[in-house]
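Here are the chains, one letter per residue:
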Amino acid sequence: MAKLWGGRFSKNTNELVDAFNASIDFDKRLYHEDIRGSIAHASMLAKCGIIPAQDGEKIVAGLKDILKDIKAGDFKFEVALEDIHMNIEARLTERIGQAGARLHTARSRNDQVALDMHMYMKREVAEIAELLIRFEEALLSVAKKHSKTLMPGYTHLQRAQPITFAHHLLAYFNMLQRDFRRLQGVWEGADMMPLGAGAIAGTTFPIDRFDVAKQLNFGKVYSNSMDAVSDRDYVIEFLSFASILMMHMSRLSEEICLWSSTEFGFIELDDAFATGSSMMPQKKNPDIAELVRGKTGRVYGHLQAMLVTAKGLPLTYNKDLQEDKEGFFDAVDTIKFALAVYRDMILTMTVNVDKMQQAVSKDFSNATDLADYLVRKGLPFRQAHEVVGKCVAYAIHNDKFLPEITLEEYKTFSDLFEEDLLQALQPENCVASRKSYGGPAFSENEKQFAAGDKVLQQQQEILQDLQQRL
């Protein structure tokens, strides 16, 4: 098949080179953006008198027909035509004749593919923003149901202090808020129109780049043609956002794996979100959590690959930049899957309230509260810390927990201990008394719920704005 760029060449391209050079297998998902961008470009060319108005109308009509064919599955993509742009242009020219050959006036595949990627990025950002909000809503919903469900909080994976399950989930809710903020930044990087930059140095034709930007709802236009075709910052920004989001998802995945184990028993996943063993009939495995945890490394790899690919490239376009797509597309698919499946998995899991309560009642996570008790009695904290440390050692040696030690035994460590110490040791009181801003107290949970509702409302408004700007 003759290449659209083949005038300078006297030989056909080697079949292996065709296969290695082609990107159609993965960039065909850009078809909607490619056609929409071409329609805007053709309309501008006709409006500026660069091509006849009649040809502009034929091009637009032909592109719309091709879009219908692709959506209906009636379009055959050819590897010999390399990419989505040349597949569409070749089919257009085949259908409408000479008018189709005018479409590529005043543009290059360099600025064309950059346009497609910017538009595709914006569409995916809006879809991911919606999924992110839905997952945040799920976390907040479950947290509200467990505002007084006690559980141990951990440091070094050792029981540290009593908290609530709500407080634990709200920590992830806050992480996702930051992810949403970073996603907004990705949108801003993508909301810049590169078409009209040509291959490197713009064009001699009297084009109107701002007209194209307006048609395609871009907020800004690249002010430097070389930057426009070589910039992949927005892809790197997206992969950075995706990596941080997946890091948060992976941390939650690890906790779900721990919590659903027999050793913890804090939660049980719904059967729809677990798998069994081909050999051991008793198994119920948290495979979804494990997959999300595993795929996090894959997304990290895409970020690293793009950074390494771009680090040594001279201006402007180099074929290396074709490598921006597969990792980006895979990261998009991965985080969309993770957010969607986690929402449903979190909403359907069973929280074993009694098991959590039992855990927090049979440990030493109330030791800090006992030290605080002595501080309120006038003992400096460092001395209180030492006294309680000795109490803990005594309890362990005697196979007891702190509430099981008698007042007489406590007084051998300090005369400041009185009968009210047992109240200070109750997990409910330990949690309720931690009213400092951002703490786990029940009253603070309620404040955080209200703040969370407000955040979600603001995010919904932002999402609606993004959707209107697509």
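Everything below is about the structure shown above.
Residues numbered from 1 in each chain as written. Predicted model: local features only at pLDDT ≥ 70, side-chain atom pairs only at ≥ 80, totals over all residues. Heavy atoms only, no water.

Engineer: Describe the overall build of the protein chain, naming the residues involved and giving the relevant values.
Structural biologist: Looking only at helices and strands, the protein chain features 20 helices and six strands. Taken over the C-alpha trace, the protein chain has a radius of gyration of 30 Å; the compact-globule value for 470 residues is 23 Å, which it surpasses by more than 25%. The principal-axis extents of the C-alpha atoms in the protein chain amount to approximately 100 × 50 × 40 Å. For the protein chain, contacts bridging at least 24 residues in sequence account for 77% of all contacts bridging at least 6. (Helix = DSSP H or I, 4+ residues; strand = E, 2+ residues; numbered from the N terminus. Rg over C-alpha atoms; globule rule 2.2 N^0.38 Å. Contact = heavy atoms within 4.5 Å.)

Engineer: How would you summarise unusual backbone geometry if you had to cite specific residues and measurements?
Structural biologist: Keep in mind that most residues, glycine aside, have a negative phi and that most peptide bonds are trans. Following Leu 315, the chain continues into Thr 316 via a peptide bond in cis, with omega recorded as 5°. For Thr 316, the position within the fold is in the loop between α12 (287-310) and α13 (324-348). Even without glycine at this site, Ala 106 takes up a positive phi of about 70°. If you check the backbone angles, His 156 has positive phi at about 55° while not being a glycine. As for its position among the elements, His 156 is in the loop between β1 (150-155) and β2 (158-164). For His 156, a relative accessible area of 77% puts it in the exposed group. (Buried < 20%, exposed > 50% of the residue type's maximum accessible area, 1.4 Å probe, protein only.)

Engineer: Talk me through the packing of aromatic side chains; I want residue IDs and the actual numbers.
Structural biologist: Counting across every chain of the model gives 14 aromatic pairs. Taking the centre distance of 6.0 Å and the plane angle of 80° together, the rings of Tyr 120 and Phe 328 count as edge-to-face. Of the two residues, Tyr 120 sits in helix α7 (residues 109-145) while Phe 328 sits in helix α13, which places them 208 residues apart along the sequence. Under the relative-accessibility criterion, Phe 328 is labelled buried at 0%. Note on Phe 264 and Phe 266: the rings are 5.4 Å apart at their centroids and 85° apart in plane angle, and the pair reads as edge-to-face. The pair formed by Phe 264 and Phe 266 is uniform in burial state, with each residue classed as buried. (Phe/Tyr/Trp six-rings, centres within 6.5 Å; stacked < 30°, edge-to-face > 60°.)

Engineer: Could you give an account of α12, with specific residues and numbers?
Structural biologist: In a regular helix each residue adds 1.5 Å, so 24 residues correspond to 34 Å; α12 covers 35 Å between its end C-alpha atoms and thus fits that length. Of all the positions in α12, only Ile 288, Ala 289, Val 292, Thr 296, Val 299, His 302, Leu 303 and Met 306 are classed as buried. Of the surrounding secondary structure, the elements contacted by the buried residues of α12 are α11 (233-259) and α13. (Expected span 1.5 Å × (residues − 1).)

Engineer: Tell me what's going on with the environment of Glu 419, and back it up with residues and numbers.
Structural biologist: Inspection of the secondary structure assignment puts Glu 419 in the loop between α17 (407-411) and α18 (421-425). For Glu 419, a relative accessible area of 67% gives the class exposed. The spacing of Glu 419 and Gln 161 is 258 residues in sequence and 22 Å in space, taken between C-alpha atoms.

Engineer: Give me the lowdown on the nonpolar core, citing residues and values where you can.
Structural biologist: Among the nonpolar cores identified, the biggest contains 110 residues, and Phe 238 and Tyr 342 are the most heavily contacted of them. Setting aside chain neighbours within four positions, we find Tyr 342 in contact with Phe 135, Met 249, Leu 252, Ser 253, Ile 256, Ile 288, Ala 289 and Val 292. Ala 367, Tyr 373, Ala 384 and Leu 402 belong to the second largest nonpolar core, which has 19 residues in total. (Core = buried A, V, L, I, M, F, W, Y, C linked by side-chain atoms within 4.5 Å.)

Engineer: I'd like a description of the environment of Met 192, backed by residues and values.
Structural biologist: If you trace the backbone, Met 192 turns up in strand β3 (residues 192-193). Residue classification places Met 192 among the partly exposed positions, given a relative accessible area of 23%. With 27 residues separating them along the chain, Met 192 and Gly 219 place their C-alpha atoms 6.4 Å apart. Among residues more than four places away in sequence, those in contact with Met 192 are His 118, Phe 218, Lys 220, Val 221 and Tyr 222.

Engineer: I'd like a description of the packing of α7 against α13, backed by residues and values.
Structural biologist: Viewed as axis vectors pointing N to C, α7 and α13 meet at an angle of 20°, and their least axial separation amounts to 9 Å. Our classification of the angle between α7 and α13 gives roughly parallel. Considering how the two elements wind past one another, α7 and α13 form a crossing that is left-handed. Taken together, the residues of the contact of α7 with α13 break down into 20 nonpolar, one polar and seven charged. (Axes fitted to C-alpha atoms, helices over the stretch in contact; angles between N-to-C directions. Parallel < 35°, antiparallel > 145°, perpendicular 65-115°, else oblique. Left-handed = near helix turned anticlockwise from the far one by under 90°. Nonpolar A, V, L, I, M, F, W, Y, C, P; charged D, E, K, R; others polar.)

Engineer: Summarise the pairing of β2; cite the residues concerned and give the values.
Structural biologist: Relative to β2, β1 runs antiparallel, the two being bridged by six bridges. The partner of Leu 150 across the bridge, within β2, is Thr 164. Between β1 and β2, which pair antiparallel in sequence order, lie two residues; one of them, His 156, sits at a positive phi of approximately 55°. (Pairing = 2+ DSSP bridges.)

Engineer: Hey, could you go over helix α4 (residues 53-72) for me, with residue numbers and the actual values?
Structural biologist: End to end, α4 covers 29 Å across 20 residues, agreeing with the expected 28 Å (1.5 Å per residue, within 8%). Along α4, the positions that sit buried rather than exposed are Asp 55, Gly 56, Ile 59, Val 60, Gly 62, Leu 63, Ile 66, Leu 67, Asp 69 and Ile 70. Each element contacted by the buried residues of α4 is listed here: α3 (31-47), α5 (84-96) and α6 (98-101). Positive backbone phi, approximately 80°, marks Gly 73, located one or two places after α4.

Engineer: Lay out a negative patch on the surface with the relevant residues and their values.
Structural biologist: Together, Asp 25, Asp 320, Glu 323 and Glu 326 make up a region of like negative charge exposed at the surface. With respect to the secondary-structure elements, Asp 25 resides in helix α2 (residues 24-27). Asp 25 sits in the exposed class, given a relative accessible area of 62%. (Patch = residues over 30% accessible without salt bridge, like charges linked within 9 Å, V, L, I, M, F, W, Y side chains within 5 Å. Areas by Shrake-Rupley, 256 points an atom, 1.4 Å probe, with all protein chains shown as cover. Salt bridge = Lys/Arg side-chain N within 4 Å of Asp/Glu carboxyl O. Lys, Arg positive; Asp, Glu negative; His and termini not counted. Charge placed at Lys NZ, Arg CZ, Asp CG, Glu CD.)

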